[in-house]
Amino acid sequence: MKRQFLFSMLVMFSLVFQVKAQDNAGLTLPQGFKANVFAQNLGSPRHIAITSKGVLFAKLNYPNKEGKSIVRLEDTNGDGVADKNTAWGNYPGTGIYVKGNKLFTSSNDDVFSYQLDANDEVVNPLNPTTVISGLINRRQHESKSITFDNNNNLYVNIGAYSNACQVKDRMPGSQGMMPCPILDSAGGIWKFNANKENQTYGNGQRYATGLRNVVGLDWNNSTNKLYVSQHGRDQLNSFYPTLYTDAQNAELPAETFYEIKEGDDAGWPYVYYDPSMKKKIVSPEYGGDGKKEGDAKFINPIVDFPAHMAPMAVLFYTGNQFPEKYKNGAFITFHGSWNRAPLPQEGFFVAFVPFKNGKVSGEWEIFANGFAGTENGVKIMNPRQAKARPCGLAQGPDGSLYVSDDAKGNIFKISYQK
Amino acid sequence: MGRKAFMFLVLGLIGISSKTVAQNLVNGKKIYETRCLVCHQADGGGVPNMNAPLDGSTNVVGNDISRMVKIIKKGYNERVALDGSYYSNAMTPNPDLTDAAIADVLSYIRNSWSNKASMVTIAQVKKQVVKK
C-alpha cells in the first residue's frame, strides 16, 4: 500500500514536471510568446533557412547517423511540428540560404547551390552546382557562413585560422605578425557573384577585413547593408598573466556586432574591443599593455556583447507576427562561452537588438533564454553541460522565429499570440 | 617478466612512495589550472568540437605516454578523430615545462575526474622523449 502510494506520487510528480518542462519547450520568453520543439534529434543543425511555403532546411555541422548533412523539414498538417523529414548530402559545414528557387549551402571549403521545384523539393540532391570552391580551411574557424543582398551578390565569411596572428598560433610570448599575412585570404568577408559557377578567390573580392571569425551575418534589406557578429579572441590571461587576470579575461574582449561598408577593417588581430572602456585596445601580441588605444581607422561595433559568448547567427526580423518593437530589429543567437574558465560559462540565449530608422535604438536584451537547461541558478562550468546551444535562426512565412540547437539537435519554433 | 614490466615494478617500489604521489598530484593540479584548464575546462571535459576532452579519453589513460609527452611539449595542430569526435583548436605548446612538471601534470590528468591510470614518472618522460 505504502509502496503503491509512493509510486502514484512519483507518477504525479513526473507528470507535473513533464507538463512544466514542455511548457515553451523549457525556454523563457517575453510575455505573450510561446515556443515548441519543431524538430529534434537532428544531429548538429547549424544554420537554417525557410522557403516562402514554410519548408525548413538545416545544414548539419557533421553528417548524421545516416551519413546525411542537409535536412529538409516540412510541417504538412500545420500543427507546428515537422512531420516530413528528408535528408541528403554528406559534407560538413554551416551555411544554408534560400534565394528564389535556389538553396545555397556551404561546406568548410565550398559553396554549392541546389534547384528547388514548385513544392520546394530539391531537384538535384546528388548533383549540386559548385558556386565557389577552394576557400581556406585550416580547421580553426573553418565554417563558411553565407548571406545574400538583393543584387545577386553572395557574401561568405572566411575565418582566420589563428587566434591572434602570432608567429606561432597560441604560443605564449610569440609576437603578432606585421602585417598579418592571414588577412590576404581569410579573416574577413568575401563577396562573390551569386549566379556564377566555379568561382574561387580570383573571382571574388575582399569586402571587409579584420574580422577574426564571423559565424552570424545577415544582409539588412531596409538599410541595404551587411551586418556581422564577430567571435573575439581568446586567452588574454593565459598568454599575458601579468597584464590580465582570470576575471579580466572572462570579460575581455567584447563580442562585437558591426555594420559593414565595403572596404571596412574591424582591426583583428591588431586591436580588440574593451567593453568597459568602450575602446579599441592594441593587442598584447602587437605591443599592447591592456590600455594603449588602437588606430582610429578601425571601425567601431554598433553593439558590444559580453566576452566569449560566441554569436552564431544574425536575423533582421521583417515579419508581422511579433509586436512592433521587433520589426527590423536584429535577433542574435549565442552559443555560450568556453573561454571564461575558470569562471562560470555564460551565453546560451537569443538576444534582441532594437533598430529604428536603420540605427540601433536601445539596449540589447535577452529574448529567449533557458537553452542551457539549468535550474535554481546552477552555473554552467563547461559548455558540454548545456542541454541546448542556440545556433541558427530563420523567420517563417507567418513571422514565427525558428532557432536551431547544434548540441542536441533540436529546432525550436517561437511564436507570438496577442 | 618483460624488461619494461620489471622497470615499472622497480619504479613502483622505490620511485613513488605514497607521500610523493600526493605531492606530485598537487603539483600537477597547479600546472593544470594555470596552463590547461582554460581550454580543457575544470571538469576535464574539453569543449565540444573545439578542445579535446581529457576526462574519459582513451589516449589520456592509455599506455602511450610518449604521445602525451610530445603533445604537451610541442602542442598539437592536426585534425584527428578522438573517440569518434573531431576537435578543431590548435593546442598551445609548452616547451618550458620541465620533465618533472610534465610527469606531474600527466599524473594529475590520468588520475582526475573519472580517470584512473598509473602515475607517470620523470624517468618515463625522459625515456619517451629520447625514444621519439
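Above this text sits the structure in question.
The rules behind each value
Residues numbered from 1 in each chain as written. Chains lettered and ligands numbered in written order. Predicted model: local features only at pLDDT ≥ 70, side-chain atom pairs only at ≥ 80, totals over all residues. Heavy atoms only, no water. Contact = heavy atoms within 4.5 Å. Buried area = accessible area lost by both parts, 1.4 Å probe. Salt bridge = Lys/Arg side-chain N within 4 Å of Asp/Glu carboxyl O. Polar contact = N/O pair within 3.5 Å; in protein donor to acceptor, adjacent residues only side chain to side chain. Helix = DSSP H or I, 4+ residues; strand = E, 2+ residues; numbered from the N terminus. Nonpolar A, V, L, I, M, F, W, Y, C, P; charged D, E, K, R; others polar. Pairing = 2+ DSSP bridges. Axes fitted to C-alpha atoms, helices over the stretch in contact; angles between N-to-C directions. Disulfide = S-S within 2.5 Å. Buried < 20%, exposed > 50% of the residue type's maximum accessible area, 1.4 Å probe, protein only.

Draft legend 1. Region of interest: the interface of chain B and chain A. Taken together, the contacts link 24 residues of chain B with 23 residues of chain A. For the pairing of chain B and chain A, the buried interface totals around 2000 Å² over both sides, and the portion due to carbon and sulfur atoms is 52%. Linking B:D43 and A:R384 is a salt bridge whose minimum nitrogen-to-oxygen distance equals 3.6 Å. At the boundary of chain B with chain A, the tally comes to nine residue pairs in polar contact (both at pLDDT 80 or more). At three residues, the largest contribution of residues to the side of chain B that touches chain A is made by helix α2 (residues 18–40) of chain B. The residue makeup of the side of chain B that touches chain A, split by class, is eleven nonpolar, nine polar and four charged.

Draft legend 2. Molecular detail of the side chain of A:N153. All names here are of chain A. Relative to the helices and strands, N153 resides in strand β11 (residues 153–158). A polar side-chain atom of N153 sits 3.0 Å from a polar atom in the side chain of D149. When near neighbours in sequence (up to four residues on either side) are disregarded, N153 contacts T147, F148, K191, F192 and A194.

Draft legend 3. Here's a closer look at the sheet that holds strand β1 (residues 33–39) of chain A. Residues and elements named next belong to chain A. Taken in spatial order, the four strands of this open sheet run β1-β29-β28-β27, and their pairing is antiparallel. With one partner strand each, in any of the chains shown, β1 and β27 (390–395) form the two edges of the open sheet. Looking at each pair of strands side by side, their axes are set apart by 25° on average, direction ignored. The sheet contact formed by strand β28 (residues 401–405) and strand β29 (residues 410–416) spans five bridges and is antiparallel. Note on β29: the bridge partner recorded for Y402 is K413.

Draft legend 4. Quick peek at the state of the cysteines. One pass over the structure, following the stated rule, counts one disulfide over all chains. Put simply, A:C165 and A:C180 are joined by a disulfide, and their sulfur atoms are 2.1 Å apart. On the sign convention where negative is left-handed, the bridge of A:C165 and A:C180, at about 95° about the S-S bond, is right-handed. Here A:C165, found in the loop between β11 and β12 (188–193), pairs with A:C180, found in the loop between β11 and β12; they are 15 residues apart in sequence, far enough to count as distant. Like A:C180, A:C165 is buried. No disulfide involves B:C36; its sulfur sits 9.0 Å from that of B:C39, the nearest cysteine. You can call B:C36 buried: its relative accessible area is 18%.

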